[in-house]
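# Structural features, examined
Each chain is listed here by its residues.
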Amino acid sequence: MDERPLTPEELERIRAAFARVPYARLLGIELLRVERGAATLTLNVREELTRMEGIVHGGALASLLDTAAAFAVISTLEPGQRTVTVDLTIHYLRPATSDTRLHADARILRAGRRLVIVAIEAKDQHGDLISTATTTYVKQG
C-alpha cells in the first residue's frame, strides 16, 4: 500500500469531507488523526447514546467503527472518488458505559482496484478493548 504521508491539500480535503457528515456531528464523533490508510476517531459517550443500565448502544458503537473505517478508506481516494460500505462485521467484547471516551482505530488490511478491507478496534479511555470489526468498502467513481 502507498506509504506516502498525506499532503496538506489531502488533509484539508479529508477534514472538509468529515465536516460534511451530519450524522457524525449528531453522535459527537470527532476525527482525531488520519494518515494514508488509517484513521482514529473518538466519541464521548453521553446518556443519549446508551441503552438500559447506561451501556453504550450497539448502533452508536457500530457508527463509530464504520465512520473510522470510511475515513481510513477516504484517505486513499483520488479527488472525485467515493466509497460506500458493503458489509460490516462487529464483535462486541465488553460493554462501555456513559461518560466514557471511545477511540476507534481503523487501518486498511488490503486495497484492491475496487474493494477495500478494513480492520477496526474500539478501546475506552483506559485502553480496554471494547469491540473489533472488519468491513469491506467499494470504491466508486
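This section reports on the structure supplied with the text.

Scoring rules and cut-offs
- Residues numbered from 1 in each chain as written.
- Predicted model: local features only at pLDDT ≥ 70, side-chain atom pairs only at ≥ 80, totals over all residues.
- Heavy atoms only, no water.
- Core = buried A, V, L, I, M, F, W, Y, C linked by side-chain atoms within 4.5 Å.
- Buried < 20%, exposed > 50% of the residue type's maximum accessible area, 1.4 Å probe, protein only.
- Helix = DSSP H or I, 4+ residues; strand = E, 2+ residues; numbered from the N terminus.
- Contact = heavy atoms within 4.5 Å.
- Pairing = 2+ DSSP bridges.
- Axes fitted to C-alpha atoms, helices over the stretch in contact; angles between N-to-C directions.
- Expected span 1.5 Å × (residues − 1).
- Arc of directions from axis to C-beta.

### Points about the nonpolar core
Ranked by internal contacts, the top residues of the largest apolar core, which has 38 residues, are Ile-29, Leu-61, Leu-64, Phe-71, Val-118 and Ile-120. Breaking this core down by element, the ones donating at least two residues are α1 (8-19), α2 (22-27), β1 (29-35), β2 (38-44), α3 (58-74), β4 (101-111), β5 (115-123) and β6 (129-140). Among the elements that make up this core, the one with the highest residue count is α3 (11 residues). Once residues lying within four places of it in the same chain are set aside, the contact partners of Phe-71 are Ile-14, Ala-17, Phe-18, Val-21, Val-34 and Ala-39.

### Brief notes about the sheet that holds β4
In spatial order, the strands read β1-β2-β4-β5-β6-β3; together these six strands make up an open sheet with antiparallel pairing. One side of each edge strand has no neighbouring strand; the edge strands of this open sheet are β1 and β3 (82-92). Neighbouring strand axes in the sheet, compared pairwise and without regard to direction, differ in orientation by 20° on average. Pairing between β1 and β2: six bridges, direction antiparallel. If you follow Arg-33 over to β2, its bridge partner there is Thr-40. The sheet strands contacting α1 are β1 and β2, and the helix crosses β1 at an angle near 160°.

### Some details on α1
Between its first and last C-alpha, α1 extends 16 Å over 12 residues, near the 16 Å set by a 1.5 Å rise per residue. Residues Glu-10, Ile-14, Ala-17 and Phe-18 constitute the buried set of α1. For α1, the buried positions fall inside an angular range of 100° around the axis, keeping them on one side. Of the residues in α1, the exposed ones pointing more than 90 degrees away from the buried face are Pro-8 and Glu-9. Buried residues along α1 sit against α2, β1, β2 and α3.

### Structural notes on the pairing of β5
Pairing geometry for β4 and β5, over eight bridges, is antiparallel. By the bridge assignment for β5, Asp-105 is matched with Glu-121. Between β4 and the antiparallel strand that follows it, β5, lie three residues. Taken together, the nine bridges between β5 and β6 define a ladder with antiparallel strand orientation. Across the sheet, the residue bridging to Ile-117 is Thr-136, located in β6. In sequence, β5 turns back onto β6 through a hairpin of five residues, with Gly-127 there showing a positive phi of about 90°.

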